[in-house]
Amino acid sequence: MTPNYSDKYSLCFQPDQDIIDQVRNMKLILGNKIGWYNSKNSLAHLTIAEFNATEKDIQRMHKQIVRCCDSFTPVNVVMDNFGTYPNGTFFLTVDNFAKPILKSYAQQLFKTLLLKNAYKCTDPHLSIGRKLDQEKIQKAFSLFEKPNLHFCCNEIVLRRLNTDRRQFDIIERYPFLSKPTNDDIQLNLF
C-alpha cells in the first residue's frame, strides 16, 4: 500500500551541465564575498512550481507531465542580464524570445496538473541568491560582468526535497519531443 503522507516537490526547466557549472561558480564567488545565503548550494534551475504531493499524486502527474513534454519543442535560452525581485532574489534574466515560450509551457503544465496550494513561478528566471538584503544585492551586481549564458532548454525535471541535505534531488527527467498534439493532428485533417 502506498503511504498517504506528502513530500515537497519541485518542477523545473533544467539547463545543461555547462550552465550548471557556470552558475555554481557564480554562487561560490558571491558566497566568498557575502558569506552563506539562501540558494547558495542549490543546483541551477528555472522553477516552474513547488508543491506537496503524495506518491499516488506523483504517479498520476507523471503521465500528465510526459504528455505535455512530448509536445514541447526545445527552445534556445539566452541569459544576458541580471535582475532582482523585491523579496531579495538576485537572478539571471531569460531573454525576450525564450521567456514567452517557457511561460506558455509552464501555463500548460499548471492547467494540466491542477496543482493546489502550489507556488507557481510566472516569470522564468535562474536564481543566484534569495533573501538578500540591499547591500548584498549591490555587492552581487558589482561582482559580475554582464552575463552571456546560452543553453538549449530541452527537458523538465521533477525534484523531491531531500530533508537530510535540505536540497532537491532530481527524481525524473522529461525530455521535449516536439510531437504534434491531438489538437494539431485534428487541425491538419481539415
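Read on for an overview of the structure. (Residues numbered from 1 in each chain as written. Predicted model: local features only at pLDDT ≥ 70, side-chain atom pairs only at ≥ 80, totals over all residues. Heavy atoms only, no water.)

As for the pattern of salt bridges
- Taken as a whole and assessed by the stated rule, the structure comprises seven salt bridges.
- As a salt-bridge pair, glutamate 50 and lysine 8 come within 3.6 Å of each other at their nearest N and O atoms. One end of the pair, glutamate 50, is in strand β2 (residues 46–53); the other, lysine 8, is in strand β1 (residues 7–13), with 42 residues separating them in the sequence.
- Classification of glutamate 50 as partly exposed rests on a relative accessible area of 21%.
- Residue classification places lysine 8 among the partly exposed positions, given a relative accessible area of 35%.
- A salt bridge links glutamate 55 to arginine 160; its shortest N-O distance comes to 3.1 Å. Here glutamate 55, found in helix α2 (residues 55–71), pairs with arginine 160, found in strand β9 (residues 155–162); they are 105 residues apart in sequence, far enough to count as distant.
- Given a relative accessible area of 31%, glutamate 55 falls into the partly exposed group.
- Its relative accessible area of 27% is what places arginine 160 among the partly exposed residues. (Salt bridge = Lys/Arg side-chain N within 4 Å of Asp/Glu carboxyl O. Helix = DSSP H or I, 4+ residues; strand = E, 2+ residues; numbered from the N terminus. Buried < 20%, exposed > 50% of the residue type's maximum accessible area, 1.4 Å probe, protein only.)

A few points about empty space enclosed by the protein
- Taken as a whole, this structure holds two cavities of 30 Å³ or more when the rule is applied.
- Space inside the second largest cavity adds up to approximately 30 Å³.
- Around the second largest cavity, the lining residues are Phe13, Thr47, Ile48, Leu102, Lys103, Ala106, Cys121, Thr122, Asp123 and Pro124.
- Broken down by secondary-structure element, the contributors of at least two residues to the lining of the second largest cavity are β2 and α3 (98–113). (1 Å grid on protein atoms, 1.4 Å probe; cavity = no way out; pocket = protein on both sides within 12 Å on 5 of 7 lines; lining within 4 Å. Points joined across faces, edges and corners; volume = space filled by probe spheres on them.)

A look at the sheet that holds strand β7 (residues 125–129)
- Ordered by their spatial adjacency, three strands build an open sheet running β4-β5-β7, and the pairing between neighbours is antiparallel. Unpaired on one side and paired on the other, β4 (82–84) and β7 mark the two borders of the sheet. Direction aside, the axes of adjacent strands within the sheet are offset by 40° on average.
- Across the sheet, helix α4 (residues 134–143) is in contact with β4 and β5 (90–93); its angle to β4 comes to roughly 175°. (Pairing = 2+ DSSP bridges. Axes fitted to C-alpha atoms, helices over the stretch in contact; angles between N-to-C directions. Contact = heavy atoms within 4.5 Å.)

Observations concerning the environment of isoleucine 156
- Within the secondary structure layout, isoleucine 156 lies in strand β9.
- For isoleucine 156, a relative accessible area of 0% gives the class buried.
- For the pair isoleucine 156 and cysteine 121, spaced 35 residues apart in sequence, the C-alpha separation works out to 14 Å.
- If sequence neighbours within four positions are ignored, isoleucine 156 has contacts with Leu11, Cys12, Phe13, Ile48, Cys69, Phe72, Leu109, Glu172, Arg173, Tyr174 and Phe176.

A short note on the layout of surface pockets
- When its volume is computed, the largest pocket comes out at roughly 870 Å³.
- What lines the largest pocket is a set of 31 residues, and nearest its centre among them are Ser39, Ser42, Glu50, Arg130 and Phe168.
- Elements that contribute at least two residues to the lining of the largest pocket include exactly β2, β7, β9 and β10 (167–175).
- By residue number, the principal contributor to the lining of the largest pocket is β10, which donates four residues.
- Among the residues forming the lining of the largest pocket, the class breakdown is 10 nonpolar, 11 polar and 10 charged. (Nonpolar A, V, L, I, M, F, W, Y, C, P; charged D, E, K, R; others polar.)

Quick word on the pairing of strand β8 (residues 149–153)
- Burial along β8 is one-sided: the residues Leu149, Phe151 and Cys153 are buried and none of His150 and Cys152 is.
- With five bridges joining them, strand β3 (residues 75–79) and β8 adopt antiparallel strand pairing. Pairing of valine 77 across the sheet is with phenylalanine 151, part of β8.

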